[in-house]
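A structural walkthrough
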Amino acid sequence: MRPKKHAFEPLLTIEDVAAVLQCSLKTVQRRIDAGDLPVIRDGRMVRVHPADLDRYIKQRRGV
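Summarised in this report is the structure supplied together with it. Given the structure is predicted, the values throughout are model-derived calculations rather than measurements.

Further remarks concern the nonpolar core. Judged by nonpolar contacts, Leu12, Ile14, Val17, Ala18, Val28, Ile32, Leu37, Val46, Val48, Leu53 and Tyr56 together constitute the single largest core of 11 residues. Those elements that place two or more of their residues in this core are helix H1 (14-21), helix H2 (25-33) and helix H3 (50-61). Not counting residues within four places of it along the chain, the set of residues in contact with Val46 comprises Leu12, Thr13, Ile14, Val39, Ile40 and Arg41.

As structure tokens, this is what we get:
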């Protein structure tokens, strides 16, 4: 019997986002503070949904 798969994609840490964008943690934090990159906050934990990061990249592609 195979284990059930959940319907959610793993959320990304700020470090993960910085690695994908090839930029510093500070740059990612600036984008979050500016409201350009949506995040999920739970206490001190900050995570980014992969679809939000994909949307952010696609929006910047034409800039």
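Turning our eyes to something else, we now look at the pattern of salt bridges. Tallied over the entire structure, the rule returns 3 salt bridges. Two residues, Lys58 and Asp54, come together in a salt bridge whose shortest N-O distance is 3.2 Å. A residue pair is termed a helical-turn pair when its members lie 3 or 4 positions apart in one helix, as Lys58 and Asp54 do in helix H3 at 4 residues. Classification of Asp54 as partly exposed rests on a relative accessible area of 37%.

The phi dihedral of Gln22 is positive, around 55°, even though this residue is not glycine. Within the secondary structure, Gln22 sits in the loop between H1 and H2. Residue Gln22 is classed as exposed on the basis of its relative accessible area of 74%.

Another aspect to go through is H1. Looking only at H1, the buried set comprises Ile14, Val17 and Ala18. All buried residues of H1 fall inside an arc of 100° around its axis, so they share one side. Residues of H1 that are buried make contact with H2, strand E2 (45-47) and H3. Of the residues one or two after H1, Gln22 is the one with positive phi, at around 55°.

The subject of this paragraph is the packing of H1 against H3. The interhelical angle for the contact between H1 and H3, taken along N-to-C directions, is 30°, at an axis separation of 12 Å. With respect to each other, H1 and H3 are oriented roughly parallel. For the crossing formed where H1 meets H3, the hand is right-handed. Across from Val17, Val20 and Leu21 in H1, the residues of H3 making contact are Leu53, Tyr56 and Ile57. Looking at side-chain class alone, the contact of H1 with H3 contains 6 nonpolar, no polar and no charged residues.

What counts and what doesn't
Residues numbered from 1 in each chain as written. Predicted model: local features only at pLDDT ≥ 70, side-chain atom pairs only at ≥ 80, totals over all residues. Heavy atoms only, no water. Core = buried A, V, L, I, M, F, W, Y, C linked by side-chain atoms within 4.5 Å. Buried < 20%, exposed > 50% of the residue type's maximum accessible area, 1.4 Å probe, protein only. Helix = DSSP H or I, 4+ residues; strand = E, 2+ residues; numbered from the N terminus. Contact = heavy atoms within 4.5 Å. Salt bridge = Lys/Arg side-chain N within 4 Å of Asp/Glu carboxyl O. Arc of directions from axis to C-beta. Axes fitted to C-alpha atoms, helices over the stretch in contact; angles between N-to-C directions. Parallel < 35°, antiparallel > 145°, perpendicular 65-115°, else oblique. Left-handed = near helix turned anticlockwise from the far one by under 90°. Nonpolar A, V, L, I, M, F, W, Y, C, P; charged D, E, K, R; others polar.

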